[in-house]
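Next come the chains, spelled out residue by residue.
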Amino acid sequence: MNAPFTTYGVDGGVGLTALLVAAARAIETHRHDSLAQDEYAEDFVRAAPACAGWPVRIEQVPDGEHNPLWGRFARYFGLRTRVLDDFVLRSAGTGVRQVVLLGAGLDTRAFRLDLPSDCVVHEIDRAGVLAFKEQILTEAAAVPRVKRVLVPVDLRADWVTALTSAGFDPSAPSVWLAEGLLFYLPAPAETYLIDTVHRLTTRGSALAFEAKLENDLLAYRDSAIYTATREQIGIDLLDLFHRDPRPDSAGALAARGWSTSTHTPFDFTRLLGRGPLPERNDALEGNRWVFAHKPHKPHEPRP
């Protein structure tokens, strides 16, 4: 007899945003000019009652690309997926063999990416989220391309012990992703997470994360993206984002000797030739993608 189906963990709050991103990846997968492919994204969307009726192809959206949510915002998530895919693959190309996904959600990089066979992907998230993902992937007979280690722990708990107990080796180089995560955390939790990644990484490691620089998030409450997300699928992102003043995590890493670069998503739209471009009252205006590397040779930290 099959195990009872569960959507615990993705049926509301921040967990529901994982389904939003999965729907965006499904739409991206079916685009004629796709930036990223995820054959399992549609399965996640179709399995969860919370997103019944959501589109998985842009052709299912009445106003298509002009829809702020399923056109522009979904394309943003497709672009982010592609850019971070490339970041992980470049890191693997330098010899890194450990990948850590912080707040992994419905990430399927262990199944999608052409990583070296000796890579290990550690997925950290709440038990309910990972259980939902496992059920859908099992039903799809999905086979990971590399070793995959699930670390079912809330990032507000002792995830370091859980990660190291699951086999993560701090003495070996690693690449970390915090994709769409930090702005849901209180500022002290972000600082702790960044400090901990620094402590758990050796030279040759890398980290990518997404930040928001707006001083007042509520100034964008009536933006097209936030309005459409509230009205069309009932997710109020501004109620989920923490409104603490955000720490300068990129600066904190640079002060510890990491090399960092910060980009707008629009930089990659221009580089890849597709994706969102700036508009008036733009909810994406303050979004930044930060890429950090811990050099093989130690740098003198800033005084």
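For the structure itself, look to the data block above.
Residues numbered from 1 in each chain as written. Predicted model: local features only at pLDDT ≥ 70, side-chain atom pairs only at ≥ 80, totals over all residues. Heavy atoms only, no water.

Engineer: Any details on the nonpolar core? Residues and values, ideally.
Structural biologist: Soluble, globular proteins show a tendency: their nonpolar side chains are buried together. Counting residues in hydrophobic clusters, the biggest one holds 73 residues, and the most contacted among them are Leu19, Leu20, Phe44, Trp54, Trp70 and Phe73. With twelve residues, helix H3 (residues 68–93) is the largest single contributor of residues to this core. Residues contacting Phe44, with those up to four places away along its chain left out, are Leu19, Ala22, Arg25, Leu106, Thr108, Phe132, Lys133, Ile136 and Leu137. Within the second largest apolar cluster, 29 residues are counted, among which are Leu181, Leu182, Leu193 and Val197. (Core = buried A, V, L, I, M, F, W, Y, C linked by side-chain atoms within 4.5 Å. Buried < 20%, exposed > 50% of the residue type's maximum accessible area, 1.4 Å probe, protein only. Helix = DSSP H or I, 4+ residues; strand = E, 2+ residues; numbered from the N terminus. Contact = heavy atoms within 4.5 Å.)

Engineer: Residue-level account of unusual backbone geometry, with values.
Structural biologist: Peptide bonds are mostly trans, and most non-glycine residues show a negative phi. Unlike most non-glycine residues, Ala141 shows phi in positive territory, near 55°. When you line up the elements, Ala141 lands in the loop between helix H5 (127–139) and strand E3 (147–152). Note on Ala141: relative accessible area 60%, which makes it exposed. For Asn281, which is not a glycine, the phi torsion comes out positive at approximately 50°.

Engineer: Summarise H5; cite the residues concerned and give the values.
Structural biologist: Between its first and last C-alpha atoms H5 spans 18 Å; for 13 residues at 1.5 Å apiece the expected length is 18 Å, and the two agree. Of all the positions in H5, only Gly128, Val129, Leu130, Phe132, Lys133, Gln135, Ile136 and Leu137 are classed as buried. The secondary structure elements touched by the buried residues of H5 are helix H1 (13–30), helix H2 (41–47), helix H4 (109–112), strand E2 (120–125) and E3. One or two residues past the end of H5 sits Ala141, with phi positive at roughly 55°. (Expected span 1.5 Å × (residues − 1).)

Engineer: Kindly report on the pattern of salt bridges, identifying the contributing residues and their values.
Structural biologist: For the structure on display, the rule yields 24 salt bridges. With a closest N to O distance of 3.1 Å, Arg82 and Asp86 form a salt bridge. Taken as a pair, Arg82 and Asp86 lie in helix H3 at a separation of four residues, close to a single helical turn. Classification of Arg82 by relative accessible area gives partly exposed; the value is 24%. Put simply, Lys133 and Glu123 hold a salt bridge, and the shortest N to O gap is 2.6 Å. Residue Lys133 is found in helix H5, and its partner Glu123 is found in strand E2; the two are separated by ten residues along the sequence. Pair check on accessibility: Lys133 and Glu123 agree, each one buried. Overlapping salt bridges, with partners in common, bring together Arg80, Asp85, Asp107, Arg109, Arg112, Glu179 and Glu210 in one network. (Salt bridge = Lys/Arg side-chain N within 4 Å of Asp/Glu carboxyl O.)

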